[in-house]
Protein chains: 2
Amino acid sequence: MAEPARHPIPENLDPALEMLVREIIERVADKWTMLAIEVLDEHGRLRFTQVGELIGGISQKMLTKTLRQMESDGLVLRTIHPVIPPRVEYELTDMGRSLGAAFCGVWIWAEEHRDRIEAARKAFRERSLP
Amino acid sequence: MAEPARHPIPENLDPALEMLVREIIERVADKWTMLAIEVLDEHGRLRFTQVGELIGGISQKMLTKTLRQMESDGLVLRTIHPVIPPRVEYELTDMGRSLGAAFCGVWIWAEEHRDRIEAARKAFRERSLP
DNA sequence: ATCCATACTTACCCAAAGGAGAGTGACATG
DNA sequence: CATGTCACTCTCCTTTGGGTAAGTATGGAT
């Protein structure tokens, strides 16, 4: 078949870098991580249960997992106070805060566009039904 | 127990808005959606298979699902050319491009911080093992 | 008549995400 | 001695994500 003119699909410049960046984004662009960053950015240092309450609707299991992963990625600092009952506090590191800042654009975008998204969804629904 | 001084956990200003923004973010902060936005932002108008090739590693099923969802949210425009074999092209809408721009910050952040993340992970691993 | 290309669906299946709820440790308080 | 506190951890279970492979529709090419 005679190929119609199309984009040549140029192979990307640095596939290795590309891969790494994607891996980071997949990891970091997770629902709970984003919400945790938001509440920690907004409220500063918080203890375990406070983070959970502020996020809302997250199970202890996922909260632990999310915070641990963030800690291992260097996004949060975890401080254990050796008291009984235990007291553990979490706060964003500089890197965590900078990620929060980067996400801020997405947050603002979501706020600004929710009406248009609603409208688009409604239009799509009506366009789909006979 | 005498409560130590803590943040009063101020209830957030607008829970309804907050909820909507979160819903949008959950939806949009999806791996395939982000990658689709990236390739469409970078290459302009593309047909179905091209999008799939450029994203890489995505199944037809997920590609269809992702693109349909993006269409319903008003992020992409889907143009069906009535020819045989079928030819369908996708391109970002203005809203899709603006979301791409918002994500750009995250992308750049990931590029800039991958070394520090690697280092943090390694340090965490060593700190965890006896 | 058969094959091909494209953009899908559909059916089936597995693995991972994630919720619910109970259990734990260590001490302070009633 | 029983109870409560906090930050988990563990187990069981359901839901979702997502892959594979096959099927569909259509007309042009061979």
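Residues numbered from 1 in each chain as written. Chains lettered and ligands numbered in written order. Predicted model: local features only at pLDDT ≥ 70, side-chain atom pairs only at ≥ 80, totals over all residues. Heavy atoms only, no water.

### As for the protein's contact with DNA strand D
Point 1. Of all residues adjacent to DNA strand D, which total 20 residues, the nearest are Gln60(A), Arg78(A), Tyr90(A), Ser59(B) and Lys61(B).
Point 2. Of what DNA strand D places within 4 Å of the protein, 64% of the atoms are sugar or phosphate.
Point 3. Tyr90(A) has a polar side-chain atom sitting 2.5 Å from a phosphate oxygen of DNA strand D.
Point 4. Within the side chain of Ser59(B), an N or O atom sits 2.6 Å from a phosphate oxygen of DNA strand D. (Near = heavy atom within 4 Å. Polar contact = N/O pair within 3.5 Å; in protein donor to acceptor, adjacent residues only side chain to side chain.)

### Considering helix α2 (residues 31–43) of chain B
All names here are of chain B.
Point 1. Taking 1.5 Å as the rise per residue, α2 with 13 residues should run 18 Å; its terminal C-alpha atoms sit 18 Å apart, in good agreement.
Point 2. Here α2 has its buried residues at Trp 32, Thr 33, Met 34, Leu 35, Ala 36, Ile 37, Glu 38, Val 39, Leu 40 and His 43.
Point 3. Positive phi shows up at Gly 44, right after α2, with a value of about 75 degrees. (Helix = DSSP H or I, 4+ residues; strand = E, 2+ residues; numbered from the N terminus. Expected span 1.5 Å × (residues − 1). Buried < 20%, exposed > 50% of the residue type's maximum accessible area, 1.4 Å probe, protein only.)

### Concerning the side chain of Thr33(A)
All names here are of chain A.
Point 1. Relative to the helices and strands, Thr 33 resides in helix α2 (residues 31–43).
Point 2. Of note is the side chain of Thr 33, whose polar atom sits 2.9 Å from the side chain of Asp 30.
Point 3. If we skip the residues at most four places from it in the chain, Thr 33 touches Arg 27, Val 28, Thr 66 and Met 70. (Contact = heavy atoms within 4.5 Å.)

### Some remarks on the sheet that holds strand β3 (residues 87–92) of chain A
All names here are of chain A.
Point 1. Taken in spatial order, the three strands line up as β1-β3-β2 in an open sheet, and their pairing is antiparallel. In the strand order of this sheet, the two ends are held by β1 (46–47) and β2 (76–81), each with one partner.
Point 2. Of the pairings in the sheet, the one linking β1 to β3 comprises two bridges and is antiparallel in character. Looking at β3, one finds that Leu 46 is bridged to Tyr 90.
Point 3. Against the sheet, helix α4 (residues 60–72) makes contact with β2 and β3, and its axis sits at roughly 110 degrees relative to β2, the strand it touches most. (Pairing = 2+ DSSP bridges. Axes fitted to C-alpha atoms, helices over the stretch in contact; angles between N-to-C directions.)

### Some details on the pattern of salt bridges
Point 1. For the structure shown, the criterion picks out 12 salt bridges over all chains.
Point 2. Across the pair Arg127(A) and Glu71(B) runs a salt bridge whose closest N-O atoms are separated by 3.4 Å. With one member in each of two chains, Arg127(A) in helix α5 (residues 94–128) and Glu71(B) in helix α4 (residues 60–72) form a pair that bridges those chains.
Point 3. Judged by its relative accessible area of 53%, Arg127(A) falls in the exposed class.
Point 4. Among the ionic pairs, Glu91(B) bridges to Arg45(B), the shortest N-O distance being 3.5 Å. Placement of Glu91(B) in strand β3 (residues 87–92) and of Arg45(B) in the loop between α2 and β1 (46–47) is noted, with a sequence separation of 46 residues between them. (Salt bridge = Lys/Arg side-chain N within 4 Å of Asp/Glu carboxyl O.)

### Concerning the side chain of Glu38(B)
Point 1. One can find Glu38(B) in helix α2.
Point 2. With near-sequence residues (within four places) excluded, Glu38(B) lies in contact with Glu18(A), Arg22(A) and Trp107(B).

### Thoughts on the protein's contact with DNA strand C
Point 1. In the vicinity of DNA strand C, 21 residues are found, and the nearest of them are Lys61(A), Gln60(B), Arg68(B), Arg78(B) and Tyr90(B).
Point 2. Each atom of DNA strand C within 4 Å of the protein belongs either to a base or to sugar and phosphate, the latter forming 60%.
Point 3. Contact between DNA strand C and Arg78(B): a phosphate oxygen at 2.7 Å from a side-chain N or O atom of the residue.
Point 4. The set of elements that each furnish at least two residues to the surface near DNA strand C consists of α4 of chain A together with α3 (48–55), α4 and β3 of chain B.
Point 5. Here the surface near DNA strand C is built from residues that sort into nine nonpolar, six polar and six charged. (Nonpolar A, V, L, I, M, F, W, Y, C, P; charged D, E, K, R; others polar.)

### Digging into the packing of α2(A) against α5(A)
Residue and element names in this part refer to chain A.
Point 1. Where α2 contacts α5, the axes come no closer than 10 Å and their chain directions differ by 110 degrees. In terms of axis orientation, α2 runs roughly perpendicular to α5. Here α2 contributes Met 34, Leu 35, Ile 37, Glu 38 and Asp 41 to the contact with α5, which in turn contributes Gly 96, Arg 97, Leu 99, Gly 100, Phe 103 and Trp 107.
Point 2. Grouping the amino acids of the contact of α2 with α5 by side-chain chemistry returns six nonpolar, two polar and three charged. (Parallel < 35°, antiparallel > 145°, perpendicular 65-115°, else oblique.)

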